[in-house]
Structure formats: C-alpha cells, structure tokens
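Here's the letter readout for the chains.
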Amino acid sequence: MPTVSLSLGERSYQVHVSNGALDSVGFMAEKLRMKGKAAIITDSNVSALYAERVIQSLRESEFEYSLHVFEAGEQSKNLQTLETLANEMVAEGHDRSSFVVALGGGVVGDLAGFLASVYYRGIPFIQVPTTVMAQVDSSVGGKTAVDIAAGKNLLGAFHQPKLVVVDPTTLLTLPPRVLSEGMAEMVKHAILRKPRMLQQLSRLADELQLGFTLTTIEHLPEIIAENIEIKARIVEEDEKETRGVRAFLNLGHTLGHGIEASVPLGELLHGEVVSLGLRGALHLSKKYSGLKERDEEEILKLLRALNLPLSLPVGVDIDKALSHTAADKKFSGGNIRFVLLSDLGSPLISEDITRNDLREAMELLTTPY
Ligand code: NAD
Ligand code: GLY
C-alpha cells in the first residue's frame, strides 16, 4: 500500500493510503504498539457510515473502545463540543493511557486532534480522514484547532498524530459538493510543488463529472499519496510554520479566509473559499510576480472543471470580506504576507501587496469567469 513517511524526529509517523484501509486501523495501531482504550470520535454522518468497521477492526486487535458522536458540521468545531466530548471520555474511564481515533472530515480531525492535545495534558491520536480535504490536507501536519466567536481556528495546538490511515473508498459516499471542495487543496498542492500533477487532476475532474465508481477509485490511492507527499515534505521543512515554507500552504487562503469569515459559519465550504482565493492570488501573481497568463488559465479551467466556484455568490459583502482579510492572522507587523507565484511550482511570500490590491482581487471575484 502507498505509504508516506513524515520525518519529524520523535514525532515521526506514517500515512497509509489504500482502498479498504478502514478495516486495518486496529491492526496498524497494534503494530505501532499503541496501548490503552481507544476513544473513537466521529460526526453524525460518518458514524452511520463507517464507525462499525473501525470498531470491528479495533475489536479484532483486542482494543477496548468507546464511541463518541457529535453533530456534523463546522458549527460543532467549538469549545462546547470539546468539553462535551471530554466529559464523555472521562465517564467512559479514559485516562492518560488512552488514545483518540479521529474518524471523519477536517472538522472531526481538527476537533478530536485538539482534544487529544489537551486531554490529560495530551494523549496520542490516530487520524482516519474520510473527506478529500482531510485525506490530502488536514489530517497531515499536526495542526489542530477549534473555532471561537472571534474567528475560525483561533484556539489550537500543534499535535502530530501517531498514524494516519487513509481509505479512499470512503470518498464514494461524499456529497458532490464536499468531494469537489477537497480537490481545491489538491490543486493548491500541485501548483506549489508538482505542476505535472495538474494533468492528472484534470483527468480526475473528467471522472468526477461522470461520478466516481469503484473502478475509477482504483487509481486514487496513488494520486492521493502523491499529493499528500507534497504537504508532508513542506511540513518536514517547517513543522511549526516558523521558516516561511509552510506558509506557502496559505496560497489562496488570505482572501479565502476573509470571504469565509464574512458569511455565516459553514455557508461556504473551506475548499470553495480556497478556490475563490486562488483566483485572486493568481491574478495578483500575474500582475506582480510574472505568472504567465496561460498558467493562470490552466488552473482556472481546472478549478471550474472540478465544479469549484470562481465568482462570489450573490450576497457576499466584499467590504466585510476585506475587513476580515485585514484581520487575518497572516498580517504580520502591519504587513500583509501574501503568497504569490512567479511560476507554477515557484511560490514566494510578498509583503508588498497593498489593501488596494486586495480590493482589486476581491472585486475581480464579483465578475464571472
Ligand atoms: P467536514 O469535516 O465538515 O466534512 C464535510 C461533510 O462531509 C460533513 O457533513 C461530514 O459529516 C461529511 N462527511 C465526511 N466524510 C464523509 C464520507 N466519507 N461520506 C459522506 N459524508 C462524509 O469538512 P472538511 O471539508 O472535511 O474539513 C473542513 C475543516 O477542515 C474546516 O474546519 C477547516 O478549517 C479544516 N482544515 C484544517 C486543516 C489543518 O491543517 N488542520 C487544513 C484544511 C482544513
Ligand atoms: N493547511 C495548512 C497547513 O497545514 O499548514
């Protein structure tokens, strides 16, 4: 099975990607000599679809377990759910010898990962991501967080998982919109480090139009593992985002976060705002850092083929979105740290992007593509 290794000293771990891997979670945890009782944390949609298989695999490896389910959706990624889950875990007898299994999309992974980072001052956890977004992005790299009233992901911790188990067949049950949104992060990874993957993603977009089947899903483990590899290398170079390398992963996110924060929580999916943000970032890259128009076109066509939005939905207030962009954590010391591209595969961080530039890019998003 394709395996991606993250070499992070004592925090090193592996990401296993294979169709059917859900049934091996227990076996892989056992091989890692994980001990204690497992707290499976999942959401109301994923629980009904996949919890039983993970439970069965933990049982086969003789792990004790408890199951904890919260209401699906970004609205649950908060301190209230965290406390409810922690109280449930205590009631189930979990202590510092337990471990968490985060089964679900990015919301589950971020929330359960953060809980693992603070429960009894930190216990191990395994990521079992079930959306494209979580498989190629959020389950890898150790960023965990919850949202607070002041903003998304503002309380969090770096807490690397002990293991990531990716089963691409879980993507067969994703609603089309959720399937598409995760592809935005795959495109972002390809743009940053492996432009030749863009053609592969374009073929995947064609298959997506026809609907994924078990046959098309056969090549997915390789494609997903190759895409994860891009993020894994970036995380290895800059685990805590202090060296200016991991910050490249914010391509498309500065404008995207502003848009996301200006609409009710969960109204636009994370990957959808990344797609919008990418259009703005490509425009500014063409203007300031020499990105070729034909490269911009190739990416915009791909995003469109993946059914991702390139224009703001009616009703988005661009002044509000811009004010949230200005409050974004990527503004350091008053300067905007904006990720541009000088070429496909060549990102750079610019501190020269002005508020007027951001407005120009945001206004572009009000026009159709
Ligand atoms: P999500 O977890 O809300 O999942 C989207 C929807 O799909 C939910 O309704 C979920 O119940 C459902 N679902 C999940 N797997 C399914 C399956 N296999 N079949 C059917 N339905 C399924 O959202 P997401 O897009 O996976 O993740 C978004 C979150 O990830 C955001 O909170 C974002 O901030 C976070 N994120 C974190 C990082 C990071 O590095 N930690 C990176 C990117 C995004
Ligand atoms: N999703 C961005 C990061 O992990 O750094």
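Attention in this report is confined to the structure presented alongside it. (Residues numbered from 1 in each chain as written. Chains lettered and ligands numbered in written order. Predicted model: local features only at pLDDT ≥ 70, side-chain atom pairs only at ≥ 80, totals over all residues. Heavy atoms only, no water.)

1. Quick word on the site of ligand 2
D137, K143, K231, R246 and L249 make up every residue found near ligand 2. Between ligand 2 and D137 there is a distance of 3.3 Å, counted from a nitrogen atom to a side-chain nitrogen or oxygen. Between ligand 2 and the protein, one listed contact pairs an oxygen atom with a side-chain N or O atom of K231 at 2.6 Å. For ligand 2, whose free accessible area comes to 200 Å², the fraction covered by protein is 86%. A per-class count over the shell around ligand 2 returns one nonpolar, no polar and four charged. (Near = heavy atom within 4 Å. Polar contact = N/O pair within 3.5 Å; in protein donor to acceptor, adjacent residues only side chain to side chain. Areas by Shrake-Rupley, 256 points an atom, 1.4 Å probe, with all protein chains shown as cover. Nonpolar A, V, L, I, M, F, W, Y, C, P; charged D, E, K, R; others polar.)

2. Focus: the pattern of salt bridges
Side chains that differ in sign of charge can pair as their charged atoms come close. Throughout the structure, instances matching the rule amount to 25 salt bridges. Put simply, D147 and K77 hold a salt bridge, and the shortest N to O gap is 3.9 Å. Within this pair, whereas D147 is found in strand 7 (residues 143-148), its partner K77 is found in the loop between strand 4 (65-70) and helix 3 (79-91), the two being separated by 70 residues in sequence. When sorted by exposure, D147 lands in the same class as K77, which is buried. Notably, a salt bridge pairs E229 with R233, separated by 2.1 Å at the nearest N-O pair. Taken together, the residues E229 and R233, both in helix 8 (residues 220-237) and four residues apart, mark about one turn of the helix. Residue classification places R233 among the partly exposed residues on the basis of a relative accessible area of 25%. What you see here is one network of salt bridges that share partners, running through E74, K77, D110, D147, K152 and E260. (Salt bridge = Lys/Arg side-chain N within 4 Å of Asp/Glu carboxyl O. Helix = DSSP H or I, 4+ residues; strand = E, 2+ residues; numbered from the N terminus. Buried < 20%, exposed > 50% of the residue type's maximum accessible area, 1.4 Å probe, protein only.)

3. Quick look at the site of ligand 1
Around ligand 1 there are 28 residues in total, and D43, E74, T131, T173 and E181 lie nearest to it. Here a nitrogen atom of ligand 1 and a backbone polar atom of K143 are 2.9 Å apart. Surface burial for ligand 1 is 90%, taken as the share of its 860 Å² of free accessible area covered by protein chains. Looking at the shell around ligand 1, the elements with two or more residues in it are helix 2 (44-60), helix 4 (106-118), helix 5 (132-138), strand 8 (151-158) and helix 6 (176-193). No other element matches the four residues that helix 2 contributes to the shell around ligand 1. Residues belonging to the shell around ligand 1 are distributed by class as follows: nine nonpolar, 10 polar and nine charged.

4. Focus: the sheet that holds strand 6 (residues 125-129)
One key point about sheets: their strands pair by backbone hydrogen bonds, in either a parallel or an antiparallel sense. Across the sheet, which stays open at both edges, the seven strands sit in the order 1-2-9-6-5-3-4 with mixed pairing between neighbours. Edge strands, defined here as strands with exactly one partner in the open sheet, are strand 1 (3-6) and strand 4. Looking at each pair of strands side by side, their axes are set apart by 15 degrees on average, direction ignored. In the packing of helix 4 onto the sheet, the strands contacted are strand 3 (38-43), strand 4, strand 5 (99-104) and strand 6, and the crossing angle to strand 5 comes to about 170 degrees. This element, helix 8, spans strand 1, strand 2 (13-17) and strand 9 (163-166) of the sheet and lies at about 5 degrees to strand 1. (Pairing = 2+ DSSP bridges. Axes fitted to C-alpha atoms, helices over the stretch in contact; angles between N-to-C directions. Contact = heavy atoms within 4.5 Å.)

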